[in-house]
Amino acid sequence: MSELKGINMVWLSETDLTNLNAGEGESNYVDVKKYKKNGIEYPYVSGQAMRFYLREAIRRNLSNEEYMCVPDDKGETCGNISNCINCDLFGFMTTVKGTGAVTRVSPVKVSPAIGLLPFDDNSNVDFLTRRHRVTEGKKMEGDIVNVEMGTNIYKSGISIDLLRVGAEEEIDEKNRTTKIEDKITDKSEKISRTKKVIEGVGFISDYSKQARLLTDFTPDLIAISFQNVYSHRLQKLFELNKEGKLNKERFKGILEEVSNYSDEIFFGMISGILDEEDEQWVKTLFKEKEIEIKTPKEAIDNALIVLPTE
Ligand SMILES: [Zn+2]
């Protein structure tokens, strides 16, 4: 395998009736974030919220020896990329006494989760009772919160810049060039951190309001590429029209393009996300390309096994 420069993961996830926006807030109406395309509204979950979910999925599976800091009350993190998995993978902006602001650009890029089906045809407003804290001598009180909810198929993705995991780009002032300086000498630690990101996608779960609106937001259809160039191209693989039909030409074109600079492509799918005809078409295409279709979990596990250890 040639030197790996980038790993891309793009996936679709079908949700039950839910509201995936982070931040509870105190308002009595919790709406779904929406974007507009050709005059039609679609739901989305912000990239920031998605990063949070991914980070918490990784944190949940840490061993006792592994460290991820928690931001302080100003939202600042420890900034130690050699010791801290959080600061290394997700970047930071922190202030250092005497130096000022220090920032690290995250080597893990996370896209927003974009709903692909129109919101109006797939939504509802539900009423939840929010309980107030019990004050002494008073009865428990509750008020009604309206929560806007919808079902949808969301598209999400991440891209990992492998050269920058555990490393920093430094400017050589004399020659006016940049070079990438390793901050972790142990290559296996870099691999282990990269694996945590891949694994984390399969465990994404800490979205808001899940106490009462439990849903599954892990991938139902996923493509993973191990690339010898850094590119985000795979992120365009899945396009569904508002009836949920796959753009096949696009799918085929992107897959071919990304295959040219990828050593490995993994694909996982459960049935029923695409319609029957699209599903059959995808199966035939992968058969031609001699890529085995697995379940999303198997595709992730397989990527973890194939990832070179040095
Ligand atoms: Zn940290």
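Residues numbered from 1 in each chain as written. Predicted model: local features only at pLDDT ≥ 70, side-chain atom pairs only at ≥ 80, totals over all residues. Heavy atoms only, no water.

- In the annotation of an unreviewed UniProt entry, the entry for the protein chain reads Type I-B CRISPR-associated protein Cas7/Cst2/DevR, and the organism field reads Methanobacterium veterum.

Topic: the coordination of the zinc ion
In step 1: Surrounding the zinc ion are the protein donor atoms Cys 69 (SG), Cys 78 (SG), Cys 84 (SG) and Cys 87 (SG), which sit 2.2 to 2.4 Å from the metal.
In step 2: For the zinc ion, the four donor atoms are set out with angles of 105 to 114 degrees between them, so the coordination reads as tetrahedral.
In step 3: Spacing between the donor residues of the zinc ion along the chain follows C-x8-C-x5-C-x2-C.
In step 4: Given the relative accessible area of 40%, Cys 78 is considered partly exposed. (Donors = N, O, S within 2.8 Å, 3.2 Å for Na, K, Ca; no water. Tetrahedral: all angles 85-135°; square planar, octahedral: opposite > 155°, others 65-115°. Buried < 20%, exposed > 50% of the residue type's maximum accessible area, 1.4 Å probe, protein only.)

Observations regarding the pairing of strand S11 (residues 167-172)
In step 1: By the bridge criterion, six bridges tie S11 to strand S12 (residues 177-182) in an arrangement that is antiparallel. Across the sheet, residue Asp 172 finds its bridge partner in S12, namely Thr 177.
In step 2: Hairpin connection from S11 to S12: four residues lie between these consecutive antiparallel strands, with Arg 176 at a positive phi of about 50 degrees. (Pairing = 2+ DSSP bridges. Helix = DSSP H or I, 4+ residues; strand = E, 2+ residues; numbered from the N terminus.)

A short note on the packing of aromatic side chains
In step 1: On inspection of all chains with the given rule, the structure shows 11 aromatic pairs.
In step 2: Ring geometry for Phe 52 against Tyr 53: centres 6.2 Å apart, planes inclined by 70 degrees, an arrangement best described as edge-to-face.
In step 3: With a relative accessible area of 36%, Phe 52 lands in the partly exposed category.
In step 4: Here Phe 238 and Phe 251 contribute two aromatic rings whose centre-to-centre distance is 5.9 Å and whose plane-to-plane angle is 45 degrees, an arrangement assigned as tilted. On the criterion of sequence distance, the pair formed by Phe 238 in the loop between strand S13 (221-227) and helix H4 (248-260) and Phe 251 in helix H4 is long-range, its members being 13 residues apart. Assigned by exposure class, Phe 238 and Phe 251 land together as buried. (Phe/Tyr/Trp six-rings, centres within 6.5 Å; stacked < 30°, edge-to-face > 60°.)

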